[in-house]
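Chains, contacts and geometry: an overview
Residues per chain, in single letters:
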Amino acid sequence: NYDAIDIPFTDAIPSDYDGAMGVPISFLDKYCPEQFEIINKNFSEVFKELFSGGTASLKLTDPSNMLTTGIDIVASPPGKKLSSITLLSGGEKTLTAISLLFAILNVRQVPFCLFDEVEAALDEANVDQFGRYLEHYKDKTQFLIITHKKKTMEYADTLYGITMQESGVSKLVSVTLNEHVDTV
């Protein structure tokens, strides 16, 4: 209860606010570049795996100021010249962004992740690459993926769907799959 606190809130803020922030900022100045380099290395590796070649990297727009710097994504899928992500096709941009997401997940694992049609702009071959890469996380992260792509669904352990058998009445349907079955 706020009323039970004897010290007014404004008295709890140090008079030397900049000095109080110095410790976290110095920590960020040291920690962020290290983490950025680890993520950059992972991004390059994930990109190569998802694209079956090519190169990619992350560049800080102002490395001297970690709190305000931007990040440029430079990517070159196989057979293409190194360029900014803005010059890639929609599918290439999507797969590059997915590469970055997976690179971050490789550095900072989480128990649960939600993807909402993240692979919607991908063609069938790249959806398959995405699905195969999800297998890396089978024992680490539980994914909830909202999708309309049948190829993505092939990599799921459990499928949930909504059906409307009669007008205005929705029904939840679930199917548990024992193992991934290759279709011929």
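Overview of the structure. No experiment lies behind these values; they were computed from the predicted model shown. (Residues numbered from 1 in each chain as written. Predicted model: local features only at pLDDT ≥ 70, side-chain atom pairs only at ≥ 80, totals over all residues. Heavy atoms only, no water.)

As a further point, take the pattern of salt bridges. When the charged atoms of two side chains lie near each other, side chains of opposite charge can form a pair. Using the criterion set out here, one finds five salt bridges in the structure. Its salt-bridge partner being E45, residue K41 comes within 3.0 Å of it at the nearest N-O pair. Here the residue K41 and the residue E45 both occupy positions in helix α2 (residues 17–51), the gap between them amounting to four residues, near one helical turn. Classification of K41 as exposed rests on a relative accessible area of 53%. With its nearest N and O atoms 3.5 Å apart, the salt bridge here joins E154 to K151. Taking the relative accessible area as the measure of exposure, K151 reaches 21% and is therefore partly exposed. (Salt bridge = Lys/Arg side-chain N within 4 Å of Asp/Glu carboxyl O. Helix = DSSP H or I, 4+ residues; strand = E, 2+ residues; numbered from the N terminus. Buried < 20%, exposed > 50% of the residue type's maximum accessible area, 1.4 Å probe, protein only.)

Moving on: the pairing of strand β7 (residues 169–176). Taken together, the eight bridges between strand β6 (residues 158–166) and β7 define a ladder with antiparallel strand orientation. Paired with I162 across the strands is L172, a residue of β7. The antiparallel pairing of β6 with β7 creates a hairpin that spans two residues between the two strands, and G168 there sits at a positive phi of about 85 degrees. (Pairing = 2+ DSSP bridges.)

With that settled, the discussion passes to the packing of helix α3 (residues 90–107) against helix α4 (residues 124–134). Where α3 meets α4, the axes come as close as 12 Å, and the angle between the chain directions of the two elements is 5 degrees. One finds that α3 runs roughly parallel with respect to α4. Listed contacts from α4 to L95, I98, F102 and N106 of α3 are N126, F130, Y133 and L134. Across the contact of α3 with α4, the residue classes break down as six nonpolar, two polar and no charged. (Axes fitted to C-alpha atoms, helices over the stretch in contact; angles between N-to-C directions. Parallel < 35°, antiparallel > 145°, perpendicular 65-115°, else oblique. Contact = heavy atoms within 4.5 Å. Nonpolar A, V, L, I, M, F, W, Y, C, P; charged D, E, K, R; others polar.)

Keep in mind these numbers describe shape, not what the thing actually does.
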